[in-house]
Amino acid sequence: MADNLDLALLGGAALMFLIMAPLMSSWIANGRFAGAWLLSGGKGKKGGVGVEDRLTRFQTRQGMKVPARVRVVSNWFAHARYLYNKVLLPTVPLVNLTVGQVLVGLLYIGVVLFFLFFDAGNLQSNYKRPAFIGVAQMPAVFLLATKNNILLSALGKGYEKLNFLHRLAGRMMILCTFLHVFFFFKMQGTLNIDYSSPTIYTGVATFSAVILIFFTSLPFFRAAFYQIFLYSHIIGWLTFLIALNFHVPEVVRPYTYFVIAVLGSDFLLRAIKTRVRSATVVPLSAGMTMVQCHGVSEGWRPGQHVWVRVFYGGAKGGEAHPFTVANAPKSYPVRSLSTPDLLLKSLPFSYSPPSLVSNSGQHNLTLLAKSTGNWTRGLLAASQPDQFNTKEEKQSFGFGKIMKVSIEGPYGGTYIPAFTHAETQAETKFGKTVGTGPMYTDFSESQSVLLVAGGSGITFAASVLEEVIGLAVQGRGRTKAVTLVWSMKAIECVDWYQEMMTSLVALAKNGSSDLVVKIRLFVTGPVRANYIPIPGSTVLHSRPDIPLILLDVVEDALRTVETRGYERAGGVAVGTCGPMPLVKEVRRAVSGVEKGMAVKAGGIVVHSETFGW
C-alpha cells in the first residue's frame, strides 16, 4: 500500500505539471525564466538614472501621450475567474486558508486515509500498515520543506504558498506514527517488550523525535518561540531520519536517498543564491529600519522576498528573517526609494550628510524592517547614530551604520495567471517581454490594478507600483489605472515612501503614458489638518472600505469598455499585503463582486501576502 500511495502522490504532481504546462512553456519561450533567480550588481551606467532624466528621454522619444492598448479578456477566462473567486477564494475561519486550499488539504487527507484503511483488516495485528503509510509520505514532507525544487517552479508558486501542505503532510505522517506505536503496544503489551532489542530502542528514539517535532510545531508554540521551533525542527527530523534508518533500514533506505538528494540540492542552491555584502542600516520614522545592500541592484522582481541576516552583534544578530524587497531592481525605469531626499525626510533627527549623494539612483536592494519583535527592535537599536565603526563611515554617511549582511534569495513573488490563456508575451513597441513576479505573473498586463497595503505591507505594494508605472511609461504595459490603498496607524509612516511616490506620480503624469494613478491613505491615528503628503493623494482618518474601493475600480474599468466599445475589459488585478484580517477582507470583497460586473471587467485575479506564514 505504501508503494500505491507513492504512485498516487506522484500522479497528483504529474497532473499539476500537465495543467501548468502551457504557462510554463510560455514562461520559458518569452525569456521570463532568466530573471528573478540570482541577486547581482547589475550592469549599465554607474549610479543609474533618476526620474527626471528618464522623463526627458521618454518625452523626447514619444513626444505625446500614448494610450495603453487594452487586451480584451476571453469569455471563458472571465467566467472561470468569477467562479474561482466566488467558490474557492473566501477564507475559512480558524485555519486562515482559502476554500481552495482547504479542499486540496482534504483531498490529501482522503488519499492518505484511503491507503491507510483500505483492505487493512485489523490494524492491531497489522500495526505495520500505518508505519509504511507514514514513511511513504517522507518525499512529500521534505520536498515541500525546501525553498528550491522543481515542483514549486512548475506550479509558479513560492515555497511559502505551499507551506500549508508541508504542515499537513507532516501531521499526517505523525498521525501514522502514533497509530503504529499505539497498535504495536496494544498487541504486544508493554511488559512483553524487550527494550534492549535494537529494533525496539531505535523505534523509541524515532518516536521520541516525532513527539518533539509535534509539540514544538503547534501553532501557538511556533508563533511564540520561533527560534526554538526552528532548531528543534532541524534536530528532530535529523534524529528521526537516523533512528528510522536503524529501525527499519530495508524499508526506509530508498526514501532516505531521496530526502538526501532533495535537501542536498536545496542547500546547494541556497548557497548559490546567498550574497554577503555590506549594507547601510538607517533608522527611519515610526519604528522602521532601512537596510540598503551595497552592490545588489538586480536579480529580483517586485513582490519577491529575501532572507537576511544582519550581523549587528548580540545573540540574535545572526538570525535569518524574511523581508519583502521594498523597491524594483535597477533595470526598471524608476529610481528606488533609497534616495538622499527620502532618507533625510525619514530621519528622526536633522543632519546633512556631505557625501550621500553618490548613492542616488543606484537601485540597491532595499529592505524595510518594522520594529515589532526582539530581532527587529535590536536592529533598530543597533542602527542608531550614537557611534560609528570608523571615521570614514561618519564622513561618508553621517548617520546610520555600515554592517555586514547575508542575503539569500529571491523567493516567492506574485502569482497571477495571464488574462488571455497562456499569452504572457507582451507585444510591445520595443519588442521586449514584460512581467512581474518570478513566474507566470503580470500585473502590468491587466487593465486596472488595485494594491492594498496594511502598515509595513507597503513594501510589497510600492515595489509593484513602481514597476507598473515604469512599464506603462515605457509603453510596455497595458495598465490604464492603478490605485494604491495604504492603511496605517500613524501618518508618519508616509515618510518612508513620500519622496518615491511623489516621483512616481510625477512620472505617470508627465510621461508618455495615459496611466491614471490614485493614492489613498487611511490613518487610524491622529491626522494633521489639510496634510497632503503626496500630490493628488487623499488622506482619510478611517479604515478603508475595501468593497467600495474595489467597486470603484471595477466601474472605472467598465466605463473604459463602454467608451471604446469593447465586449469586455482587460481585467482587474488585485494585490494585497498586510495582516490576515486585511487579506481576508480583500478576498471577501473580490468574491462579493456581482457576476455581470466581474465578467464584463474581464475577471478579477488576486494575489495576497500575509505577515508570517
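No experiment lies behind these values; they were computed from the predicted model shown.

What counts, and where the lines are drawn
Residues numbered from 1 in each chain as written. Predicted model: local features only at pLDDT ≥ 70, side-chain atom pairs only at ≥ 80, totals over all residues. Heavy atoms only, no water. Helix = DSSP H or I, 4+ residues; strand = E, 2+ residues; numbered from the N terminus. Buried < 20%, exposed > 50% of the residue type's maximum accessible area, 1.4 Å probe, protein only. Polar contact = N/O pair within 3.5 Å; in protein donor to acceptor, adjacent residues only side chain to side chain. Contact = heavy atoms within 4.5 Å. Expected span 1.5 Å × (residues − 1). Bend = angle between axes of the 7 residues up to and from the residue. Salt bridge = Lys/Arg side-chain N within 4 Å of Asp/Glu carboxyl O. Pairing = 2+ DSSP bridges. Right-handed = clockwise from strand over helix to strand, strands pointing away. Phe/Tyr/Trp six-rings, centres within 6.5 Å; stacked < 30°, edge-to-face > 60°. Lys NZ or Arg CZ within 6 Å of the ring centre and 35° of its normal. Core = buried A, V, L, I, M, F, W, Y, C linked by side-chain atoms within 4.5 Å. Axes fitted to C-alpha atoms, helices over the stretch in contact; angles between N-to-C directions.

Caption draft 1: Seen up close, the side chain of serine 232. Topologically, serine 232 is positioned in helix H11 (residues 226–247). With relative accessibility at 10%, the residue serine 232 sits in the buried group. A distance of 3.0 Å separates the side chain of serine 232 from the backbone oxygen of phenylalanine 229, its partner in a polar contact. Beyond its immediate stretch of four places on either side in the chain, serine 232 contacts Leu212 and Thr216.

Caption draft 2: Highlighting helix H12 (residues 249–272). Here H12 contains 24 residues, and its C-alpha end-to-end distance of 33 Å stays within 8% of the 34 Å for a straight helix at 1.5 Å per residue. Remark: the principal bend of H12, roughly 25°, maps to tyrosine 255. For H12, the set of buried residues is Val252, Tyr255, Thr256, Val259, Val262 and Asp266.

Caption draft 3: The pattern of salt bridges, seen in detail. Evaluated as defined, the whole model comprises 8 salt bridges. The partner of aspartate 266 in a salt bridge is arginine 270, and the shortest N-O contact between them spans 3.9 Å. One end of the pair is aspartate 266 and the other is arginine 270, both in helix H12 and 4 residues apart, which spans about a single turn. According to the relative accessible area criterion, arginine 270 is partly exposed, its value standing at 23%. Ionic contacts of the salt-bridge type, sharing partners, join the residues Asp266, Arg270 and Glu408 into one network.

Caption draft 4: Local environment of the pairing of strand S13 (residues 572–578). Burial analysis of S13 places 7 of its 7 residues in the buried class, which makes it a mostly covered element. Sheet topology places strand S9 (residues 448–454) next to S13; 6 bridges connect them, and they run parallel. Bridge pairing in S13 links valine 452 to threonine 576. Bridge count between S13 and strand S14 (residues 604–610): 7 bridges; the pairing is parallel.

Caption draft 5: Broad picture of the pairing of strand S10 (residues 481–488). The buried count for S10 comes to 8 of 8 residues, which makes it a mostly enclosed element. Alternating positions in S10 separate into two faces, Ala481, Thr483, Val485 and Ser487 on one and Val482, Leu484, Trp486 and Met488 on the other, with burial throughout. Pairing analysis gives 7 bridges linking S9 to S10, with the strands arranged parallel. Residue pairing for S10: leucine 451 is matched across the bridge by leucine 484. Crossover connection from S9 via helix H16 (residues 458–473) to parallel S10: handedness right-handed. Pairing of S10 with strand S11 (residues 516–523), which is carried by 8 bridges, proceeds in the parallel orientation. Considered in S11, the bridge of threonine 483 is made with lysine 518.

Caption draft 6: Examining the packing of aromatic side chains more closely. Here the structure, examined in full by the defined rule, presents 17 aromatic pairs. Through a chain of ring-to-ring contacts, three or more aromatic side chains come together here, namely Phe178, Phe207, Phe214 and Phe215. Its guanidinium or amino end placed over the ring of tryptophan 307, lysine 147 lies 4.7 Å from that ring's centre, counting from NZ or CZ.

Caption draft 7: Up close: the nonpolar core. Ranked by internal contacts, the top residues of the largest apolar core, which has 76 residues, are Leu451, Ile458, Trp486, Trp496, Tyr497, Met501 and Val574. Per-element tally for this core: the top contributor is H16, with 10 residues. Apart from the residues within four sequence positions on either side, leucine 451 is in contact with Phe443, Ala461, Val464, Leu465, Val482, Thr483, Leu484, Val485 and Gly575. The next biggest cluster of nonpolar side chains, apart from the first, holds 49 residues, and it includes Tyr127, Val135, Leu165 and Ala209.

Caption draft 8: Main features of the sheet that holds S13. The strand order across the open sheet built from 6 strands is S12-S11-S10-S9-S13-S14, with neighbouring strands paired in parallel fashion. Of all the strands in the sheet, the pair left with one neighbour each is strand S12 (538–540) and S14. Taken over all neighbouring pairs, the strand axes of this sheet differ in orientation by 15° on average, direction set aside. The strands that helix H18 (residues 546–564) touches are S9, S10, S11, S13 and S14; relative to S9, the one it contacts most, it runs at about 165°.

All we've got here are geometric facts, nothing functional implied.
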